[in-house]
Amino acid sequence: MLVAAVLLALVSAVAAPGASAADRPTVKLSKSQAGTGGSVTVSGSGWRAKALLMILICGQAVPSRGVPGGTNSCANADGRAVTTDAEGRFSRRLPVAEPPVPCPCVVHVATVTGAKAEADAIFQVAGHAVEPLPADTAGGRLSVLTDTRLDGSSGLLTWFGAPPARTLVFTVGNVGTSAVKNPVFQVGTSHGVFAPQWEEQQWRGTIGPGRRARIELPVELTGGAHGDYTVSLKYGGKVLAEQPWGVGRPWGVTLFWVLVCLVVPAALFRAGMAVVDRVRPRRPGGRSRPALRLRRPELTLRLPGLRSDPAEQPPSSSTLPWFTPDSDPGTAGRLSAPHDDSPTTPTRKGPT
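Residues numbered from 1 in each chain as written. Predicted model: local features only at pLDDT ≥ 70, side-chain atom pairs only at ≥ 80, totals over all residues. Heavy atoms only, no water.

Q: Hey, could you run me through the sheet that holds strand E13 (residues 184-191) in this one?
A: Two pairing modes exist for strands in a sheet, parallel and antiparallel, and in both the strands are linked by backbone hydrogen bonds. Ordered in space as E14-E13-E17-E18, the 4 strands form an open sheet in which the pairing is antiparallel. Two strands in the sheet have a free side with no partner beyond their single neighbour: strand E14 (197-202) and strand E18 (238-247). Neighbour-to-neighbour, the strand axes of this sheet turn through a mean angle of 25°, independent of strand direction. The sheet contact formed by E13 and E14 spans 6 bridges and is antiparallel. The partner of Gly188 across the bridge, within E14, is Trp198. (Pairing = 2+ DSSP bridges. Helix = DSSP H or I, 4+ residues; strand = E, 2+ residues; numbered from the N terminus. Axes fitted to C-alpha atoms, helices over the stretch in contact; angles between N-to-C directions.)

The following block contains the structure:
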């Protein structure tokens, strides 16, 4: 039993490197050279299942060094995207285009979302200029030793649309044999599936062989940015780390526009009413609008034997609608001949 266990352990140790090598992403080309206007079939295996990949032709690159210039040295306009199958394989036809820098060139395949993975295959663009690769002046190799994080918080101005800002903090170690002086990092920010927008930032200092250093780099987005962003860190043409960043919506901007939509119409209405009131013709009394007067019913107390003021006496003529001026009872007596209403005493006639 002991011998079998030892043999099993040895077999596992020998087979492990082969298994890990087989799991690495690989890229194969249908031809190693083609001219502009032609095409080449790119196939690969060992990739993550259902992964979205980007295929590009890049200059000044070799598989051993990758693509030092990043995607800036690639023919990005003629790139193609492909999705791997359930077994991590793919095959895609790629048009041949000249990269913006001279060859040696490679066909560069890298993941767009999820865990980063990339692979290169040597390719020659017929008729394109070829120049020696630039010397590697890095003077050492940096590796990220700790997880990256974003320090800082949003203030009141960010709530009203100011650019969100953070500080990317990480620790790197020099795993090379020479010191690294004033390293230049590339910090990129991407939103959704869009490619990162890279910005070079130099860190002042020297990192000796076997030493480590804590790096802090500022990161800033555009004004009004919101949603899910990804901050990427690149050094020497290789992506060292990625950090997600969820940016809240600037609700102050929304509140501002809501207030504008309410206040501006109200102000325009008041201004219009003031103009209408000013241009309206005025009455002779000096008032543009007739004043409303409320009259209370007047109570008149009349006592017998008292004569009221002639101005307060009711009109003599009747205003009843069913009488005409000729048949009005109140005027009939005045239209007849005058007569004496005093009482008379009957007289007795005597004999004549």
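Text resumes after the structure shown.
Q: So what exactly am I meant to see when it comes to the packing of aromatic side chains here?
A: Two aromatic rings, taken as a pair, are described by how far apart their centres are and by the angle between their planes. Applying the stated criterion to the full structure yields 3 aromatic pairs. Judged by centre distance (6.3 Å) and plane angle (70°), the rings of Trp47 and Phe90 are edge-to-face. Here the residue Trp47 occupies a position in the loop between strand E3 (39-45) and strand E4 (52-59), and Phe90 occupies one in strand E6 (residues 90-95), the gap between them amounting to 43 residues. The class of Trp47 is buried, set by a relative accessible area of 6%. By relative accessible area, which is 7% here, Phe90 ends up buried. Aromatic side chains Phe185 and Tyr235 sit 5.3 Å apart centroid to centroid with 45° between the ring planes, which places their arrangement in the tilted category. Taken as a pair, Phe185 in strand E13 and Tyr235 in strand E17 (residues 227-235) lie far apart in primary sequence, 50 residues in all. Given the relative accessible area of 0%, Phe185 is considered buried. Given a relative accessible area of 13%, Tyr235 falls into the buried group. Joined through ring pairs, the aromatic side chains of Phe170, Phe185 and Tyr235 make up one cluster. Lying across the ring of Trp251, Arg249 places its NZ or CZ 5.7 Å from the centre. (Phe/Tyr/Trp six-rings, centres within 6.5 Å; stacked < 30°, edge-to-face > 60°. Buried < 20%, exposed > 50% of the residue type's maximum accessible area, 1.4 Å probe, protein only. Lys NZ or Arg CZ within 6 Å of the ring centre and 35° of its normal.)

Q: I would appreciate a short explanation of a nonpolar patch on the surface in the present structure.
A: A surface patch of nonpolar side chains, amounting to about 920 Å² of accessible area, comprises Leu156, Trp159, Phe160, Trp251, Leu255, Val258, Leu259, Leu262 and Val263. Within the residue set of the nonpolar patch, elements represented by two or more residues are helix H2 (156-159) and helix H3 (251-279). For the nonpolar patch, the element with the highest residue contribution is H3, accounting for 6 residues. You can see Leu156 is positioned in helix H2. (Patch = residues over 30% accessible without salt bridge, like charges linked within 9 Å, V, L, I, M, F, W, Y side chains within 5 Å. Areas by Shrake-Rupley, 256 points an atom, 1.4 Å probe, with all protein chains shown as cover. Salt bridge = Lys/Arg side-chain N within 4 Å of Asp/Glu carboxyl O.)

Q: What is the right way to look at the side chain of Asp120 in this model?
A: Checked against the element boundaries, Asp120 lands in strand E8 (residues 118-126). It turns out Asp120 is buried and unbridged, and the closest side chain with the opposite charge, Lys238, is 8.4 Å from it. At 2.5 Å, the side chain of Asp120 and the side chain of His108 are in polar contact. (Lys, Arg positive; Asp, Glu negative; His and termini not counted. Polar contact = N/O pair within 3.5 Å; in protein donor to acceptor, adjacent residues only side chain to side chain.)

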